[in-house]
Amino acid sequence: MIRAIFWMKWLSILCLLCVWSANVYSAKLVFSEEGEVVKELTLGVMKKQLLTHQVSIYDPQYGKDKRYLAFSLHDVMALAYGKSWEGKLCTDVKFAALDGYQAVSSFDKLLEQGGYIVYRDADLPSWELIGRSQSNPGPFYLVWTGSKQTPKQAFPWPYQLAAVDTVEFKNQYPALYPHSVKETTSVFAGFRLFKDRCMKCHALDQQGGKVGPDLNAPRSILSYRDADTLREYIRQPSKFRYTQMPDHTDLSFQQIDSILEYLAYQGKSAKN
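In this report, we go over the structure that sits alongside the text. (Residues numbered from 1 in each chain as written. Predicted model: local features only at pLDDT ≥ 70, side-chain atom pairs only at ≥ 80, totals over all residues. Heavy atoms only, no water.)

1. Let's talk about the pattern of salt bridges
Opposite charge on two side chains makes pairing possible when the charged atoms of those side chains draw close. Heads up, the rule is: A carboxyl oxygen of Asp or Glu within 4 Å of a side-chain nitrogen of Lys or Arg is what we treat as a salt bridge. Only DSSP runs of H or I covering at least 4 residues are called helices, and only runs of E covering at least 2 are called strands; the numbering of each starts at the N terminus. Relative accessible area decides the class of each residue, using a 1.4 Å probe on protein chains only: under 20% of the type maximum gives buried, over 50% gives exposed, and in between gives partly exposed.
Counted according to the given criterion, the structure contains 12 salt bridges. A salt bridge links Lys66 to Asp121, with the shortest nitrogen-to-oxygen separation between them at 2.7 Å. One end of the pair, Lys66, is in strand β4 (residues 64-72); the other, Asp121, is in strand β7 (residues 115-121), and 55 residues separate them in sequence. Judged on exposure class, the residue Lys66 and its partner Asp121 are both buried. Lys195 serves as the salt-bridge partner of Asp92, at 2.6 Å between the closest nitrogen and oxygen. Taken as a pair, Asp92 in strand β5 (residues 92-97) and Lys195 in helix α6 (residues 186-198) lie far apart in primary sequence, 103 residues in all.

This is the structure we're talking about:
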């Protein structure tokens, strides 16, 4: 009787391990071109077809050194989009997370070496919780090994990564793109900064990230918040409240003013 109970317990544990393993291996990334799905890759498929790397980095999301098991981003892109993926004409790549976070990166950044899609912590049996909300970063997490390939330099570091989409920015986000503005203006400089720093979480007219509030709909934030307060808040929100919004103390006030000029332009455009 005791022996039978012992074996039943071990069988139960074995079944749980099998279910856990199946769930892990069935975790998948969805790849699209302008919103049209072209490939779905499970972790199991990627492990069979791609070389696994162990990468050691200083992780700015955790604020410490970490070691991961990962696939080269270039290898994953080639498996999803074909060996000629570098020749795609799209301007940007959107990385979408399970929680609604969207990191849009210019295509030229992805052409750089150093990007890795992590699927496991090399030193822990499970994911270490990340961020102020203490989220599980799985099933996939995009990291970079270069010292200048940081979120501050507008490199995407999305965790809970679920989907990748190559996009033509003007077509994908027409409400965000300042179509009638010259690229030499401060408004366009503000657009670039908003695209790199803000639209990961924020939308304008319901286009962009879904983590933070829409800054232009139904009203522009500049219609009920004064520019001086917004300037300080964008630079260092941690001085005002506990929030998931990161500080941007590396930005000059001139750069922040260009973001405000862009938001003002978008607010006026929405009324026309």
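2. Description of the sheet that holds strand β1 (residues 28-33)
In plain terms, the rule: Here a strand pair is declared whenever DSSP counts at least two bridges between the two strands. The angle between two axes is taken between their N-to-C directions and runs from 0 to 180 degrees, where each axis is a line fitted to C-alpha atoms and a helix contributes only its stretch in contact.
The strand order across the open sheet built from 5 strands is β2-β1-β9-β5-β6, with neighbouring strands paired in mixed fashion. Of all the strands in the sheet, the pair left with one neighbour each is β2 (36-42) and β6 (102-106). Shown here is a sheet whose adjacent strand axes are inclined to one another by a mean of 20°, direction ignored. As judged from the 5 bridges shared by β5 and β6, these two strands associate in the antiparallel manner.

3. As for the side chain of Asp214
To keep it simple, the criterion reads: Charge counting follows a simple rule: Lys and Arg are positive, Asp and Glu are negative, and His as well as the terminal groups are ignored. In protein, a polar contact means a hydrogen-donor-capable atom and an acceptor-capable atom, both N or O and within 3.5 Å, with residues adjacent in sequence counting only if both atoms are side-chain atoms; elsewhere, any N or O pair within 3.5 Å suffices. The criterion used for residue contact is that any of the two residues' heavy atoms lie within 4.5 Å.
Locating Asp214 in the fold gives a position in the loop between β11 (207-208) and α7 (227-235). Comment: no salt bridge for buried Asp214; closest opposite-charge side chain is Lys210, at 8.6 Å. Of the polar contacts made by the side chain of Asp214, one reaches the backbone nitrogen of Gln206; its length is 2.5 Å. At 2.9 Å, the side chain of Asp214 and the backbone nitrogen of Ala217 are in polar contact. Apart from residues no more than four positions distant in its own chain, Asp214 is found in contact with Ala203, Leu204, Asp205 and Gln206.

4. Thoughts on the nonpolar core
The criterion, for reference: Only buried Ala, Val, Leu, Ile, Met, Phe, Trp, Tyr and Cys residues count toward a nonpolar core, and they belong to the same one when joined by side-chain atoms within 4.5 Å.
In terms of nonpolar packing, the biggest core is built from 44 residues, with Phe140 and Tyr141 touching the most fellow members. The dominant element in this core, judged by the number of residues it contributes, is helix α3 (residues 73-81), at 5 residues. For Tyr141, the contacting residues outside a window of four places in its chain are Asp59, Gln61, Tyr62, Tyr68, Tyr116, Ile117, Val118, Trp127, Ile130, Trp157, Pro158 and Tyr159. Among the nonpolar cores identified, the runner-up in size contains 24 residues, and Phe169, Leu176, Leu204 and Tyr262 belong to it.

5. Digging into the packing of aromatic side chains
Note the threshold: Between 30 and 60 degrees the pair is tilted, below 30 it is stacked and above 60 it is edge-to-face, where a pair is any two Phe, Tyr or Trp rings, Trp via its six-membered ring, whose centres lie within 6.5 Å. We call a charge positioned over a ring when the NZ of a Lys or the CZ of an Arg lies within 6 Å of the ring centre and within 35 degrees of the ring normal.
The final tally for this structure, using the stated rule, is 15 aromatic pairs. Geometrically, the ring pair formed by Tyr68 and Tyr141 is edge-to-face, given 5.9 Å between the ring centres and 80° between the ring planes. One end of the pair, Tyr68, is in strand β4; the other, Tyr141, is in strand β8 (residues 141-144), and 73 residues separate them in sequence. The pair formed by Tyr68 and Tyr141 is uniform in burial state, with each residue classed as buried. Through a chain of ring-to-ring contacts, three or more aromatic side chains come together here, namely Phe169, Tyr173, Tyr177, Phe188, Phe191, Phe194 and Tyr262. A cation over a ring is seen here: Lys109 above Phe155, with NZ or CZ 5.4 Å from the ring centre.

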